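Descriptive analysis of the structure
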Amino acid sequence: MVFYELLMTTKDVMPYKALTELTKTIAHKVVENGGIVRGAQNHGIRVLPNRFKARYPDETTGSRYFQKGRFVSLYYDSSPKVMSEVGSMVKMHDDVLRETHLKVRNKMWYVNIVNEKKNPYIQRVKAMEEAEKNKC
């Protein structure tokens, strides 16, 4: 299982009920395939750095260009196959302007690395042992 963060930028006029439904759909997809949903975060409506273009005009405003967007993060553990399925499901949704999947890494991720060349903690211990040998 890999720990992923899904960052979605949705239309600012997207109803809260539709946003909740999208989040639940994603969560059900992850859980049905053996994953774990760690949490969801609504970062609120923010001004976008440049205008985003939607695939289709919005039903309420009739515009394809958006100056504001709602940012939502979803944190989950799953296999890469499920991540690609979730990504394609989010891309097909009309109210999602952009989506980004990030592979979240923390300090514990490095502890679990078996390859000694990539593990900074093992490298540090080896350097300390080498320095001790050089002293003697």
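Residues numbered from 1 in each chain as written. Predicted model: local features only at pLDDT ≥ 70, side-chain atom pairs only at ≥ 80, totals over all residues. Heavy atoms only, no water.

We now examine helix α1 (residues 16-32). Its 17 residues give α1 an end-to-end C-alpha distance of 24 Å, which sits within 8% of 24 Å, the value for a rise of 1.5 Å per residue. All of the buried residues along α1 are L19, L22, T23, I26 and V30. Axial view of α1: buried residues confined to an arc of 95°, hence all on one face. Projecting away from the buried face of α1 at angles above 90 degrees are the exposed residues K17 and E32. On its buried side, α1 packs onto β1 (2-11), β2 (36-53), β3 (65-78), α2 (80-92) and β4 (96-103). Of the residues trailing α1, G34 is marked for its positive phi of about 85°. (Helix = DSSP H or I, 4+ residues; strand = E, 2+ residues; numbered from the N terminus. Expected span 1.5 Å × (residues − 1). Buried < 20%, exposed > 50% of the residue type's maximum accessible area, 1.4 Å probe, protein only. Arc of directions from axis to C-beta. Contact = heavy atoms within 4.5 Å.)

This next bit is on the packing of aromatic side chains. Taken as a whole and judged by the stated rule, the model has two aromatic pairs. Where F3 meets Y75, the ring centres are 6.4 Å apart and the plane angle is 40°; that geometry is what we call tilted. Residue F3 is found in strand β1, and its partner Y75 is found in strand β3; the two are separated by 72 residues along the sequence. Relative to Y76, the ring of Y4 has its centre 5.9 Å away and its plane inclined at 45°; by these criteria the two rings are tilted. Pair noted here: Y4 is in strand β1 and Y76 is in strand β3, with a separation of 72 residues, a long-range link. In this structure, R46 is placed above the aromatic ring of F71, and the distance from its NZ or CZ to the ring centre is 5.9 Å. The aromatic ring of F52 is capped on one face by R98, whose charged end is 3.8 Å from the ring centroid. (Phe/Tyr/Trp six-rings, centres within 6.5 Å; stacked < 30°, edge-to-face > 60°. Lys NZ or Arg CZ within 6 Å of the ring centre and 35° of its normal.)

In this section: the layout of surface pockets. Quantified by volume, the largest pocket comes out at close to 210 Å³. Lining the largest pocket we find K11, V13, M14, P15, Y56, P57, D58, E59, T60, D94 and D95. The residue makeup of the lining of the largest pocket, split by class, is five nonpolar, one polar and five charged. (1 Å grid on protein atoms, 1.4 Å probe; cavity = no way out; pocket = protein on both sides within 12 Å on 5 of 7 lines; lining within 4 Å. Points joined across faces, edges and corners; volume = space filled by probe spheres on them. Nonpolar A, V, L, I, M, F, W, Y, C, P; charged D, E, K, R; others polar.)

This paragraph deals with the environment of G34. On the secondary structure map, G34 appears in the loop between α1 and β2. Note on G34: relative accessible area 40%, which makes it partly exposed. With 53 residues separating them along the chain, G34 and G87 place their C-alpha atoms 17 Å apart.

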